[in-house]
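Below are the chains, spelled out letter by letter.
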Amino acid sequence: MDGQMVQEYLGRLGVSERGPDVEFLRELQEHHLMAVPFENIDFHLGEPIRLGEHALDKVVRRNRGGTCRELNGSAFPELLRELGYRVALLGSRVFRDDGPSFPLAHTVIRVDTPRPWLVDVGFGRDGARYPLRMDARGPQHDPNGTFEFVPGPDGDLDLLRDGTPVLRIEHQPRTIDDFRHVLWWYENCPSSPFRKSLFCTRESENGRITLRGNLLTRTGKEHREKVLLIGDSEIRKAYQEHFGITLDRLPPIPCE
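Residues numbered from 1 in each chain as written. Predicted model: local features only at pLDDT ≥ 70, side-chain atom pairs only at ≥ 80, totals over all residues. Heavy atoms only, no water.

Mapped onto the elements, Pro 131 comes out in the loop between β5 (116-119) and β6 (132-133). Residue class for Pro 131 comes out buried when judged on its relative accessible area of 6%. Pro 131 sits 67 residues away from Arg 64 along the chain, and the two C-alpha atoms are 23 Å apart. In contact with Pro 131, other than residues within four places in its own chain, are Leu 25, Arg 26, Gln 29, Trp 117, Leu 118 and Val 119. (Helix = DSSP H or I, 4+ residues; strand = E, 2+ residues; numbered from the N terminus. Buried < 20%, exposed > 50% of the residue type's maximum accessible area, 1.4 Å probe, protein only. Contact = heavy atoms within 4.5 Å.)

Quick look at the structure:
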């Protein structure tokens, strides 16, 4: 990642470079969540999900978003390293109604400043707006809820949001290659949630904007607005207006 791409990346986030401290890390995560959507469009266009430099180019030069393997696993940690942060990738399980999912289902970032912080720009509505102290016990208040780390089995950490478990995070650092077999499953298995649902979502100043298929939802602290988009032109306009994404062809909307 050269200096030019660093500046282009920061330009997309709307921030200026400075020393790698905690306050800058908070600013970077917040701006990333608002500028770069969590989306799975390529899954439905039949485009391969490529990691490393390809994901970085997708975010910076193609003005797209991606899933956690692309955002947390490839693009954002590379920017953080170039800015002088100590970065490690961690695997995690996602809690569902029946308990935690399979290992490495979600990729997160640990940043040491030297305190360890959980950084996550690819988890959608269940994630925090700001980094969370991984060595702290007790509630951590965030605009997106009250988060808390509690000990999990085998040295893992469970992350709770408003008292409900959302992630079980490993302590062992990973490389991006460790997540490739899980990515294959997400791309190819009919029961994959990324195959069954089409979404594009990002944070806004007061809430969240989400396009799921042809349903556009805007939420705030005290309101929720849903608009059913009619026809390709309205869908294209929504991608461009709310997410800055221009598509040569629209992804087919799956039957959820």
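Resuming the write-up.
Moving on, we get to the nonpolar core. One finds Tyr 9, Leu 28, Phe 76, Leu 80, Tyr 85, Leu 159 and Ile 169 to be the most contacted residues of the largest nonpolar core, which totals 56 residues. Excluding anything up to four places from it in sequence, Tyr 9 contacts Met 1, His 32, Leu 56, Val 59, Val 60, Ala 75, Phe 76 and Leu 79. Among the nonpolar cores identified, the runner-up in size contains 15 residues, and Ile 41, Leu 45, Leu 216 and Ile 245 belong to it. (Core = buried A, V, L, I, M, F, W, Y, C linked by side-chain atoms within 4.5 Å.)

So, about the sheet that holds strand β1 (residues 38-39). Here we have five strands laid out as an open sheet, ordered β1-β11-β12-β13-β14, and antiparallel in their pairing. Where the open sheet ends on each side, the last strands, each with one partner, are β1 and β14 (224-228). Its contacts with the sheet put helix α8 (residues 231-243) on β11 (199-203), β12 (208-212), β13 (215-219) and β14, and the angle it makes with β12 is roughly 150°. (Pairing = 2+ DSSP bridges. Axes fitted to C-alpha atoms, helices over the stretch in contact; angles between N-to-C directions.)

Moving on, we get to the state of the cysteines. One pass over the structure, following the stated rule, counts zero disulfides. Here Cys 68 stays free of any disulfide, with the sulfur of Cys 200 as its closest cysteine sulfur at 15 Å. A relative accessible area of 3% places Cys 68 in the buried class. (Disulfide = S-S within 2.5 Å.)

Tracing the backbone through its elements, the reader meets Leu 89 in strand β2 (residues 86-96). Its relative accessible area of 4% is what places Leu 89 among the buried residues. On a C-alpha basis, the gap between Leu 89 and Glu 27 in space is 20 Å, while along the polypeptide they are 62 residues apart.

Of all five residues making up β12, four are buried, and the element is well covered by its neighbours. Where β11 meets β12, five bridges bridge the pair, whose relative direction is antiparallel. Pairing of Cys 200 across the sheet is with Leu 211, part of β12. The turn joining β11 and β12, which pair antiparallel and follow one another in sequence, is formed by four residues. Relative to β13, β12 runs antiparallel, the two sharing five bridges. Bridge pairing in β13 places Arg 208 opposite Thr 219. Between the antiparallel neighbours β12 and β13 lie two residues, among them Gly 213 with a positive phi of about 65°.

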